[in-house]
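# An overview of the molecular structure
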Amino acid sequence: MEIPRLCFISLFIFMSSYVVRSNCSNATAAKADVGVILDLDTALGKICRTCISMAIEDFYSNRDHTTMIVPHFRNSGTDAVGAASAAIELLKNTQVMAILGPQRSVQADFVIDIGDKVRVPVMSPSMSPTLSSKELQYFIRSAWCSSSQAKAIAAVVKAFGWKEVTLVYEDSNYGSGLVPVLAEEMLNSNVLLSKLSAVTPSAKYHQLFQQLQQLKTLQTRVFVVVMLPNLASRFFQMAEEAGMMAEGYAWIITDVLTSLLDSVDSETIEAMQGVLGVRPYIPRSHELSRFTKRWRRRFHEENPEMDRTELNVFGLWAYDSTTALADSVERVGVASPRFKKPVQRWNLTDLEAMGTSNSDPSLVHLIRNYKAKGLSGDFSISNGQLQASAFEIVNVVGAGANRVGFWTERYGISQKLQVDDLKAVYSVKKADLGGVIWPGRGVIVPKGWEVSTNGNKLKVGVANRSGFPEFTRVERNSKTNALEATGFCVDVFKQVMESLPYDVPYEFFLNEYTDHQKGGDYSDISNINNHSDPSYETYDIVVGDFTITANRSELLDFTIPYTESGVAVIVPIKANDSKNAWIFMKPLTTGLWLTAGAFFFFTGFVVWALEHRVNEEFQGPPLHQVGTAFWFSFSTIVFAHRERLVSNLTRFVVIIWIFVMLVLNSSYTASLTSMLTVQQLQPTITDIQDLIKEGEYVGYQYGSFVTGLLRNMNFDTSKFRSYETLEEYDVALSKGSRNGGVAAVVDELPYIRMFLSKYCRKYTMIGPIYQTSGFGFAFPKGSPLVSDVSQAILRLKENDEMERISRKWFKEGGCRGSDGATSTVNTQSLSADSFKGLFLVAGLSSSLALAIFVSKFAYENRCILNSAASTKLKIHDLARAFYQKKDGISEESLEGRVSTPSPEPMTPIP
């Protein structure tokens, strides 16, 4: 009974599908022949064939139509020549209006040129960026260009903090076309491509294994794989055998492979556990769910031998592309005849003999700018290119792929898809992704690199400083013959490496290129790892007192500095000149002396003017009045004035003036004291420009970059003298520029601090005159150790370890200060600008008091001003009244009680 029942069900399904398909027919509809070139021997080709057939049936069912697409399927056999032959056959014999396919980029390259020649639109899902829809007017890319995923992959790399990746790509049109775009996006994200490894699609297992072993020796542990499923299946199985699918590794695959994970075998999926991938995001919808169910029944009906096959994005794009083509043909109609034949028919090839398509030119324009809501989401073709929207970031776990986030051009990485969120901003944070299971079933994010991959220790080159052994010194142990490195820089390096959260085996080597005993020169440190002479060693790390400069940073990567920065000048201390007879004049400038003198006379005049009419102490003969006025003014310097003041205006003026004297006197005393006590601490030179003007000789440390700095400051190179030890510095500075030595030594702060700790009583420091970045450890460009070592240096600075190491190597001796005898006290003469405010207040108060007095005096003598006498006589009478003692002044007025009798007419002076 089971066999008849199965036959009945099969017959029912067949008749149902026949009825559905028959509903699409329209006897009056114009037939539009369309060529479909697919790799029908592959699962993807069969998936697309079913989707195209269903798209035609769905488009024409239950609707009025005047045209109808008739598909003509051809098998390209995964061959470029086969695809081109199929295209020529379809154009020549069937005279198709358009061509759907082929799938592969190398096939599409041929077919697109043919379509462009005969003006027939070619809708191909080829994703290679080497095919440009802008240049080829009859090419419509019906899939997202693979270059659109480059930013998404770079964002994933940046989110996990990886600084270096290895790009492994299939040596085909697909792989080589995506590499330049990926490399550019990695560069924009400050990610270094440590290696580009091309894999031949036909590579055998032993070839893959050998190539993987080479990749395993690299420090980089992050790999971006650009491969199609066939090659990727063998590659990942071999990667698992090579032990590269374990903890510490990170793998990222591109959209084609991620979208076709359902088509790879279970062994490959098992080998790919923990891999991250990006693929186009297909939004869920009721239409898509219903179509998926229908498609499964139809596909299994047409391909009963294929059990494990699922609908993917390429099938949905084939469905939407067919719908777009049918809609466009329905709008423009079908031309008759199909092709325009050439006028001359002799000596023509088959392709030339076909002529050109007679279809409406608007057909290709409609297809190249088509927008609709399809099963794959927003199906938007602009200028011949299907526009990408959101990418889905997935993690291969178990039998499939788990979504961990999304990436969009506008919002970057997000755990939930952002749609028109005005508050959201672009993000590439790891926190915006879901949990990831990494290779080896680990949940900790791989750091992306390994220190030692082949059992060898890191080679650390150490400079040998014979002149400054406190910084670095390299000696060979006579008993063990082992190389021993010591010094401040070496101790800092050892402490930093011990504080790293992982073990880093290393071995010290003598860096002969910077060995002064062998003629090494620090000025060319940037060539340590780039020297053209093969006799020079190359190192993984270079340790020493190497200053970080812009030129060196172009070829080397440096850690953050672990010492203070700056270049300064060492100069001798000049002799004590405190016995100078006129040193008491130096505290104030000439301008301030003159300003103070002028105010002395002005204040004395104001006090006399306010007091002489009411105060007997300011009266008497003219010379006595003058002497009393200015004696009073100058005696305020030491607050020795004894004259009693009567007028309140005078008291107001004198209060302000005494305050000015207090400030001026205190400042003068402090400045003079400073000059007498600190004068002996002043350097012989206070400005480096004086060395240039005087043509003095200047010393510097042999091999230092300071020579370039001095040249930029316009120093005469003939005035340079190099030295190697602190003792040589002392001898040269003691001799002086005129006696075979130098007037100053220019060097970096760490060396100057050490020098002044021994010779602080003889020399001092001026500057810094130039800012540098300090000492740092040098690495080859792109070394992943730089970031971790820099963080360890920061931690070392924040605790007492750095201070302890400094005290160990740089003892202060008999000097406590680090700047030698340099004084921070300003011993320059005081100028009038420093007291501008005080003199302004004093001048305004005196002028105001004088103005009030004049107004009051004029009021008291208004009878003179209002008299009919001449102006000359009025001035004479006013002068006499001003000079004479004010009438009505009694003894009580001297005690501060002033009576003001009514004014009497004054007798004119005869």
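Residues numbered from 1 in each chain as written. Predicted model: local features only at pLDDT ≥ 70, side-chain atom pairs only at ≥ 80, totals over all residues. Heavy atoms only, no water.

### Observations regarding the pattern of salt bridges
For clarity, the cut-off: The term salt bridge refers to a pairing of a side-chain nitrogen on Lys or Arg with a carboxyl oxygen on Asp or Glu at a separation within 4 Å.
Evaluated as defined, the whole model comprises 25 salt bridges. Ionic contacts of the salt-bridge type, sharing partners, join the residues Glu57, Arg298 and Glu302 into one network.

### Considering helix α12 (residues 313-332)
What counts, and what does not: A run of H or I in DSSP counts as a helix once it spans at least four residues, and a run of E counts as a strand once it spans at least two, with each numbered from the N terminus. Expected helix span is computed as 1.5 Å times (number of residues minus one). Any residue under 20% of the maximum accessible area for its type is buried, any over 50% is exposed, and the rest in between are partly exposed; the area is computed with a 1.4 Å probe on protein chains only. Polar contact criterion, stated in full: a pair of N or O atoms within 3.5 Å, where within protein one must be able to donate a hydrogen and the other to accept it, and residues adjacent in sequence count only if both atoms are side-chain atoms.
Between the first and last C-alpha of α12 there are 29 Å, a value that for 20 residues agrees with the 28 Å anticipated at 1.5 Å per step. Most of α12 sits out of view: 18 of its 20 residues are buried. Its side-chain oxygen at 3.1 Å from the backbone nitrogen of Phe314, Asn312 defines the N-terminal cap of α12. Backbone geometry just downstream of α12 places Gly333 in the positive-phi region, at approximately 85 degrees.

### Looking at the pairing of strand β9 (residues 250-253)
Residues in a regular strand point their side chains to alternate faces of the sheet. The test is simple: Only strands that DSSP links by at least two bridges are regarded as paired with each other. Crossovers are marked right-handed if the path from the first strand over the helix to the second runs clockwise, as seen with the strands pointing away from the viewer.
Residues Ala250 and Ile252 point to one face of β9 and Trp251 and Ile253 to the other, with burial holding for every one of them. The pairing of strand β8 (residues 222-226) with β9 spans four bridges and is parallel. When the bridges of β9 are listed, Val225 appears paired with Ile253. For the crossover from β8 across helix α8 (residues 229-241) to β9, the handedness is right-handed.

### Thoughts on the environment of Val226
Short version of the rule: Should any heavy atoms of two residues lie within 4.5 Å, those residues are considered in contact.
Along the chain, the position of Val226 falls in strand β8. Measuring from C-alpha to C-alpha, the distance between Val226 and Val256 comes to 8.6 Å, with 30 residues separating the pair along the chain. Residue contacts for Val226: discarding those within four places in its chain leaves Leu167, Val168, Tyr169, Glu170, Tyr174, Gly175, Leu178, Leu182 and Thr254.

### Structural notes on the layout of surface pockets
Leftover empty space is mapped by rolling, across the atoms, a probe with the size of a water molecule. Worth spelling out the cut-off: Cavities and pockets were defined on a 1 Å grid built over protein atoms only: a cavity is a set of grid points that admits a 1.4 Å probe from which the probe cannot escape, a pocket is an open set flanked by protein on both sides within 12 Å along at least five of seven lines, and lining residues are those with an atom within 4 Å of any such point. Grid points are joined across faces, edges and corners, and a volume is the space filled by probe spheres set on the points. By the convention adopted, Pro, Cys, Tyr, Trp, Phe, Met, Ile, Leu, Val and Ala count as nonpolar, Lys, Arg, Asp and Glu as charged, and the other residues, Gly among them, as polar.
Here the largest pocket defines a volume of roughly 950 Å³. Around the largest pocket sit 43 residues that line it, and Leu44, Gln103, Arg104, Pro229 and Leu260 are the ones nearest its centre. Considering each element in turn, the lining of the largest pocket owes the most residues, five residues, to helix α2 (residues 43-60). The residue makeup of the lining of the largest pocket, split by class, is 21 nonpolar, 15 polar and seven charged.

### Observations concerning the sheet that holds strand β7 (residues 192-199)
Put simply, the rule is: Helix axes are fitted only over the stretch in contact, all axes being lines through C-alpha atoms; the angle between N-to-C directions runs from 0 to 180 degrees.
If you walk across this open sheet you meet the eight strands as β7-β6-β8-β9-β10-β16-β17-β18, and the pairing is mixed. Two strands bound the open sheet, and with one partner strand each, they are β7 and β18 (412-414). Averaged over all pairs of adjacent strands, the angle between strand axes in this sheet comes to 30 degrees, irrespective of strand direction. Where strand β6 (residues 164-170) lies against β7, seven bridges are found, and the strand directions are parallel. In the sheet register, Tyr169 faces β7, and the bridge partner there is Ala198.

### Thoughts on the packing of helix α7 (residues 205-216) against α8
Put simply, the rule is: If an angle is under 35 degrees, it is roughly parallel; if it is over 145, roughly antiparallel; if it lies from 65 to 115, roughly perpendicular; otherwise it is oblique. Handedness of a crossing is defined here by the sense of rotation of the near helix relative to the far one, left-handed for an anticlockwise turn of less than a right angle and right-handed for a clockwise turn.
Where α7 contacts α8, the axes come no closer than 9 Å and their chain directions differ by 55 degrees. On the basis of their axis angle, the class for α7 and α8 is oblique. Two packed elements cross with a definite hand, and for α7 against α8 that hand is right-handed. For the pair α7 and α8, the contacting residues are Tyr205, Leu208, Phe209 and Leu212 in the first and Leu231, Arg234, Phe235, Met238, Ala239 and Glu241 in the second. In terms of residue class, the contact of α7 with α8 is built from eight nonpolar, no polar and two charged.

### What to know about empty space enclosed by the protein
In this structure the tally under the stated criterion is two cavities of 30 Å³ or more. Empty space within the second largest cavity amounts to approximately 30 Å³. Taken together, Gln95, Val96, Met97, Val334, Ala335, Pro337, Arg338, Phe339, Ser357, Asn358 and Ser359 make up the full set of residues lining the second largest cavity. Of the residues belonging to the lining of the second largest cavity, the class tally is six nonpolar, four polar and one charged.

### Some details on the sheet that holds strand β27 (residues 720-723)
Taken together, five strands build an open sheet; the order of strands is β27-β26-β28-β25-β29 and the sheet is mixed. At either margin of the open sheet sits one strand with a lone partner, and together these are β27 and β29 (763-770). Shown here is a sheet whose adjacent strand axes are inclined to one another by a mean of 30 degrees, direction ignored. Two elements, strand β25 (residues 567-572) and β29, share five bridges in a ladder whose sense is antiparallel. The partner of Pro572 across the bridge, within β29, is Tyr763. Taken strand by strand, helix α22 (residues 726-735) contacts β25, β26 (698-701), β27, β28 (744-748) and β29, and its axis lies near 150 degrees from that of β28. On top of the sheet, helix α23 (residues 749-759) reaches β25, β26, β28 and β29; it is set at about 170 degrees to β29, its chief contact.

### Digging into the confidence of the model for the protein chain
Convention followed: pLDDT: the predictor's confidence for each residue, scored from 0 to 100.
Of the residues in the protein chain, 85% have a pLDDT of 70 or more, and the chain-wide mean is 83. Across the protein chain, β9 holds the top mean pLDDT of 98, while helix α29 (residues 891-894) sits lowest at 40. Every residue in residues 516-520 is under pLDDT 50, and counting partners more than four places away or in other chains gives 14 contacts. In the predicted structure, residues 822-826 sits below a pLDDT of 50 and forms seven contacts with residues beyond four places in sequence or in another chain.

### Some thoughts on a nonpolar patch on the surface
Quick note on the threshold: What makes a patch is a set of residues exposed beyond 30% relative accessible area and free of salt bridges, joined within 9 Å when like-charged and within 5 Å when nonpolar (Val, Leu, Ile, Met, Phe, Trp, Tyr). The method behind every accessible area is Shrake-Rupley, applied with a 1.4 Å probe, and residues are considered shielded solely by the protein chains displayed.
Taken together, the side chains of Trp582, Phe584, Met585 and Trp593 make up a nonpolar region of the molecular surface, amounting to roughly 420 Å² of accessible area. By the element assignment, Trp582 lies in the loop between β25 and α17 (590-611). For Trp582, a relative accessible area of 61% puts it in the exposed group.

### Section: the side chain of Ser376
Along the chain, Ser376 falls in the loop between β13 (371-374) and β14 (377-382). Polar side-chain contacts of Ser376 include one of 2.6 Å to the side chain of Asp320. Residues contacting Ser376, with those up to four places away along its chain left out, are Tyr281, Ile282, Pro283, Leu316, Trp317 and Asp320.

### Remarks on the packing of aromatic side chains
The criterion, for reference: Paired rings are identified among Phe, Tyr and Trp, the last through its six-membered ring, by centres lying within 6.5 Å, and are further divided according to the angle between planes into stacked (under 30 degrees), edge-to-face (over 60) and tilted (the rest). Whether a charge sits over a ring depends on NZ of Lys or CZ of Arg being within 6 Å of the ring centre and within 35 degrees of the ring normal.
Here the structure, examined in full by the defined rule, presents 38 aromatic pairs. Ring geometry for Phe160 against Trp438: centres 5.0 Å apart, planes inclined by 85 degrees, an arrangement best described as edge-to-face. In this pair, Phe160 sits in the loop between α5 (150-159) and β6 while Trp438 sits in the loop between β18 and β19 (458-462), placing the two residues 278 residues apart along the sequence. Both residues of the pair, Phe160 and Trp438, count as buried. With 5.6 Å between their ring centres and 65 degrees between their planes, Phe236 and Trp251 make a pair best called edge-to-face. Separated by 15 residues along the polypeptide, Phe236 in helix α8 and Trp251 in strand β9 bring together distant segments of the chain. Considered together, Phe236 and Trp251 belong to a single accessibility category, that of buried residues. Against the face of Trp449 rests Lys447, its NZ or CZ located 5.6 Å from the ring centre. The positively charged end of Lys459 is found above the aromatic ring belonging to Phe509, 5.1 Å away from the centroid.

### Concerning the pairing of β26
Here β26 shows no split at all, with Val698 and Tyr700 on one side and Gly699 and Gln701 on the other all buried. Pairing of β26 with β27, which is carried by four bridges, proceeds in the parallel orientation. Within the sheet, the bridge partner assigned to Gly699 lies in β27 and is Arg721. Following the backbone out of β26, through helix α21 (residues 706-712) and into the adjacent parallel β27, one traces a crossover that is right-handed. Inspection of the sheet shows β26 paired to β28 by three bridges, in the parallel sense. Paired with Gly699 across the strands is Val745, a residue of β28.

### Some thoughts on the packing of α17 against helix α18 (residues 622-635)
Contact pair α17 / α18: the axes reach a minimum separation of 8 Å and the direction vectors enclose 120 degrees. Considered as vectors, α17 and α18 are oriented oblique to each other. Note that α17 runs across α18; the crossing there is right-handed. Where α17 abuts α18, its residues Phe600, Phe601, Thr603, Gly604, Phe605, Val607 and Trp608 lie against Gln625, Ala629, Phe630, Phe632, Ser633 and Phe634. In terms of residue class, the contact of α17 with α18 is built from nine nonpolar, four polar and no charged.

### Focus on unusual backbone geometry
The step from Gly101 to Pro102 runs through a cis peptide bond, and the omega angle for that step is -5 degrees. Residue Pro337 is reached from Ser336 by a cis peptide bond, and omega for that bond is 0 degrees. Here Pro337 lies in the loop between α12 and β11 (339-340). Located in the positive-phi region is Gln95, a residue other than glycine, with phi close to 50 degrees. Phi at Asn481 is positive, roughly 65 degrees, even though this residue is not glycine. Mapped onto the fold, Asn481 is located in the loop between β20 (473-476) and β21 (483-486).

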